[in-house]
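What follows is each chain in one-letter form.
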Amino acid sequence: QVQLVESGGGLVQAGESLRVFCEASGTMMRFNTMGWYRQAPGKQREMVALRNSGIAYYADSVKGRFTISRDNAKNMVTLQMNSLKPEDTAVYYCNANDPSLGDYWGRGTQVTVPS
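Residues numbered from 1 in each chain as written. Predicted model: local features only at pLDDT ≥ 70, side-chain atom pairs only at ≥ 80, totals over all residues. Heavy atoms only, no water.

Draft legend 1. Spotlight on the environment of isoleucine 68. The residue isoleucine 68 is located in strand E7 (residues 66-71) in this model. For isoleucine 68, a relative accessible area of 1% gives the class buried. When the C-alpha positions of isoleucine 68 and arginine 107 are compared, they lie 19 Å apart, and in sequence the two are 39 residues distant. Residues within four places of isoleucine 68 in sequence aside, it is in contact with Met34, Gly35, Trp36, Ala49, Leu50, Arg51, Ala56, Tyr58, Val77, Thr78 and Leu79. (Helix = DSSP H or I, 4+ residues; strand = E, 2+ residues; numbered from the N terminus. Buried < 20%, exposed > 50% of the residue type's maximum accessible area, 1.4 Å probe, protein only. Contact = heavy atoms within 4.5 Å.)

Rendered as structure tokens:
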């Protein structure tokens, strides 16, 4: 059974950096797309960054501050978050998607940037 496990969230001050990690277990097959979404209190879940076939996609709100990277050999995806702002506060969810393997979500990791 495929599982996504996130780690690396926490509380940081505005302007600081944080890195969150996600590893997919239960399959040796490589997902077509892996990425990160986030959900702030009272808001809908939104895409933050995706990595698909070597191409990275970012939400406008994080462009230039966040970087997504993948380790395809390990089915891992990392989100480096720089210059964090209070509005980045959310639960960050890892997603893995593939037409053959299906769509999977992690349980989420909290990122808090106090105002």
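The structure having been displayed, the exposition proceeds.
Draft legend 2. Structural context of the nonpolar core. By size, the foremost hydrophobic cluster in this structure holds 27 residues, and its most contacted members are Met34, Trp36, Val48, Phe66, Leu79, Met81 and Tyr92. Residues within four places of leucine 79 in sequence aside, it is in contact with Leu18, Arg19, Val20, Trp36, Val48, Ala49, Phe66, Thr67, Ile68 and Tyr92. (Core = buried A, V, L, I, M, F, W, Y, C linked by side-chain atoms within 4.5 Å.)

Draft legend 3. Structural detail: the sheet that holds strand E1 (residues 3-7). The strand order across the open sheet formed by 4 strands is E1-E3-E8-E7, and the pairing between neighbours is antiparallel. Two strands close off the open sheet at either side, each with one partner strand: E1 and E7. Each adjacent strand pair in this sheet contributes to an overall mean axis angle of 15 degrees, direction not counted. (Pairing = 2+ DSSP bridges. Axes fitted to C-alpha atoms, helices over the stretch in contact; angles between N-to-C directions.)

Draft legend 4. Structural context of the pairing of strand E11 (residues 109-112). Across the two faces of E11 the burial differs, with Thr109 and Val111 buried and Gln110 and Thr112 not buried at all. Pairing analysis gives 2 bridges linking strand E2 (residues 10-11) to E11, with the strands arranged parallel. Counterpart to glycine 10 in the pairing with E11 is valine 111. Sheet analysis places strand E9 (residues 90-98) next to E11, joined by 3 bridges and oriented antiparallel. By the bridge assignment for E11, alanine 90 is matched with valine 111.

Draft legend 5. Looking closely at the side chain of aspartate 98. Turning to its location among the elements, aspartate 98 is positioned in strand E9. It is arginine 30 that comes nearest to the buried, bridge-free aspartate 98 among opposite-charge side chains, at 7.1 Å. A distance of 2.9 Å separates the side chain of aspartate 98 from the backbone nitrogen of asparagine 32, its partner in a polar contact. A polar side-chain atom of aspartate 98 sits 3.3 Å from the main-chain amide nitrogen of leucine 101. Residues in contact with aspartate 98, not counting those within four places in the same chain, are Arg30, Phe31 and Asn32. (Lys, Arg positive; Asp, Glu negative; His and termini not counted. Salt bridge = Lys/Arg side-chain N within 4 Å of Asp/Glu carboxyl O. Polar contact = N/O pair within 3.5 Å; in protein donor to acceptor, adjacent residues only side chain to side chain.)

Read these as spatial facts, not as claims about activity.
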